[in-house]
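# Examination of the molecular architecture
Spelled out from the first residue to the last, the chains are:
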Amino acid sequence: MAGIARRLGLFILLAGLCVSSRAEEPVKPDRVELKSGEEVVGKIVNETDLAVFIQVDGGEQRGIAKTRIKRIQRGAQAVAQAQAPEPAPGPAQVPAAEPDAPVFPPAAEARKKETEALFEQLKDLGAPQREKRSAALKQAVELGFRAVPVLLAVFDPDNKQPPEMRMGALRALAELGPLDQQGALVVGWAAMQDPDLEVRREAARTIRALKEDRAIGWILQFALREDARQRVPAAAALREIDNDLAFAELARHVPQPTVNAANPGTGPSEVRRMDLPIGPLGSKMPIFLPTQEVSGTADNIASPASDALKQIAGKDLGNLPGVWMNWLNEKVGLWSKEEREKAYKDRSLINKIGSPHVQGQ
C-alpha cells in the first residue's frame, strides 16, 4: 500500500508540473507556410476568398494569395489549405480545347491573384464619393511600396481604367514618393500621352510635387525631337510642369543661326553717280556695285528647341538663343522689362547693332 501511495503521489506531482508549464507557455503566433517553403510568422488580421492578410513584426500587413499557401497554423492549430477535389477524367468531362486562352504558370498565376487582392483594396481611388477616395488613399499609404506596382499598372493602355481611377492613382503616387526609375517614367508618359487632359495635368502636378527630375529629363528628350507628334505633347507637359531649369535647358539647345555668302566676281565694277544731299549745293559721289549677284545659304534659322519654347511661352520670339535667355530672365525675375529697355537705351550705337535685346520687339 505504501508503494502504491508513493506512486500515486508522484503521478499527481508530475501532472501538476505539466499543467503549470502549459499555463506559463506564451501565446503562439500564427504561421503561414507557402508552397515555396517560405514561412511567414505574425498575426492573421483578415481573410478573404482570395488572400490572407497577416501582420508581421513592425506592424506591416502582408497580403498572401491563397494559391501560394500550403498550410495555415493559427496559434497551435494547423489548418491545411483546402483544395477543391479534381473530378476524374472521363469522355464526358473533358472540356473542349481553347487554343486562345492564356495559360499562366503557377508562379505567375499566384502573382496575378495577389495583385487582384491588392487592387481590391485600391479600386475606390476613383470612386465618386469623397469618403471612399480618402479611405482608399489611406489604404495605399499603409500598403507602402507594395501598392506602387498596382498603381503603375493602372496606366497600361490595355488595362482600360477610367480617367478618375488614373487620377486617383497619381494622387496616391504623390503620397508614396519618391518613386523609382520605372515609376518616374510612367508618370512622365502620363503627362505627355494620356488620352485625358485632366489626367495629363494631374501627372504634371505629381511631377511638380515630387520634384521628379528624371521624369522631366525624359520629357525633354521628346521636346527636342524633330517629329512634331512627339515634340508638341512634350512641350505641353513642360508648360504645365513649369520648371525653369527645363526651360533653361531648352534655351541652351537653341542654335545660333549661321549665314554663308558667296563672293562676287573680281571683274570691273559698275560706277554710278548718285546725288546726295551733302552741303549747301549737294554733292555727287560714285557708288561701286558688284557686277554679279551675291548668293548664300542660312542655317539654323529654326530648331525643335525654339519651336518648343514658342509653344511654352505662347508667343513667337524668333530663333535666337539670346532672345529666349532674355525671356527666361524676365520670367524668373532676374530683371524686368523696364530694366532691360533701360539697359538697351544706355548702350552705344555700335553695341545696339545686332544686340539680342532688340530681337522679338
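Further up the page is the structure itself.
Report on the accompanying structure. (Residues numbered from 1 in each chain as written. Predicted model: local features only at pLDDT ≥ 70, side-chain atom pairs only at ≥ 80, totals over all residues. Heavy atoms only, no water.)

### Things to note about the overall build of the protein
Per the secondary structure count, the protein includes 14 helices and 10 strands. Within the protein, the fraction of its 361 residues that count as buried is 29%. The contacts in the protein between residues at least 6 apart in sequence include a share of 53% that link residues at least 24 apart. Split by element, the accessible area of the protein, about 23,700 Å² in all, is 55% carbon and sulfur. (Helix = DSSP H or I, 4+ residues; strand = E, 2+ residues; numbered from the N terminus. Buried < 20%, exposed > 50% of the residue type's maximum accessible area, 1.4 Å probe, protein only. Contact = heavy atoms within 4.5 Å. Areas by Shrake-Rupley, 256 points an atom, 1.4 Å probe, with all protein chains shown as cover.)

### A word on the pairing of strand 1 (residues 30–34)
Residue alternation in strand 1 divides its side chains into a buried set, Asp30, Val32 and Leu34, and an unburied set, Arg31 and Glu33. In the sheet, strand 1 pairs with strand 2 (residues 39–47) via four bridges, with the strands oriented antiparallel. Its bridge partner being in strand 2, Asp30 is matched across the sheet by Gly42. The turn linking strand 1 back onto strand 2 is made up of four residues, and Gly37 within it adopts a positive phi angle of 100°. Note that strand 1 and strand 5 (residues 69–74) share four bridges and pair antiparallel. In the sheet register, Arg31 faces strand 5, and the bridge partner there is Gln73. (Pairing = 2+ DSSP bridges.)

### So, the pattern of salt bridges
Close approach of charged atoms allows side chains with opposite charge to pair. Under the criterion given, the structure shown has 16 salt bridges. Glu120 is the partner of Lys123 in a salt bridge, and the nearest nitrogen-oxygen pair spans 3.0 Å. In this structure Glu120 comes out as partly exposed when scored by relative accessible area, which is 45%. Measuring nitrogen to oxygen at the nearest pair gives 3.4 Å for the salt bridge that ties Asp316 to Lys310. Asp316 gets classed as exposed once you look at its relative accessible area, which sits at 55%. A relative accessible area of 19% means that Lys310 is categorised as buried. (Salt bridge = Lys/Arg side-chain N within 4 Å of Asp/Glu carboxyl O.)

### Some details on helix 5 (residues 163–176)
With 14 residues, helix 5 should reach 20 Å at 1.5 Å per residue; the first-to-last C-alpha distance of 20 Å fits that figure. The element helix 5 is extensively covered by neighbouring structure, given that 10 of its 14 residues are classed as buried. Residues of helix 5 that are buried include every one of Met165, Arg166, Met167, Gly168, Ala169, Leu170, Ala172, Leu173, Ala174 and Leu176, and no others. (Expected span 1.5 Å × (residues − 1).)

### A closer look at the pairing of strand 2
Pairing between strand 2 and strand 3 (residues 51–55): four bridges, direction antiparallel. Directly across from Glu47, in strand 3, lies its bridge partner Val52. Connecting the antiparallel pair strand 2 and strand 3 is a turn made up of three residues.

### Concerning helix 11 (residues 304–313)
For helix 11, the buried fraction is high: eight of the 10 residues fall into the buried class. Within helix 11, the full set of buried residues consists of Pro304, Ala305, Ser306, Ala308, Leu309, Lys310, Ile312 and Ala313. On the buried face of helix 11, the contacting elements are helix 8 (213–223), helix 9 (228–241), helix 10 (244–252) and helix 12 (321–332).

### Description of the nonpolar core
Of all hydrophobic cores here, the largest spans 56 residues; its most connected members are Leu151, Ile219, Leu238 and Trp327. Among the elements that line this core, the one with the most residues is helix 5, at seven residues. If we ignore the near neighbours within four places in the chain, the residues touching Trp327 are Phe247, Leu309, Ile312, Ala313, Lys315 and Leu317. Membership of the second largest hydrophobic core comes to nine residues, among which are Leu34, Val40, Ile44 and Val52. (Core = buried A, V, L, I, M, F, W, Y, C linked by side-chain atoms within 4.5 Å.)

The quantities given are spatial measurements derived from coordinates; they are silent on function.
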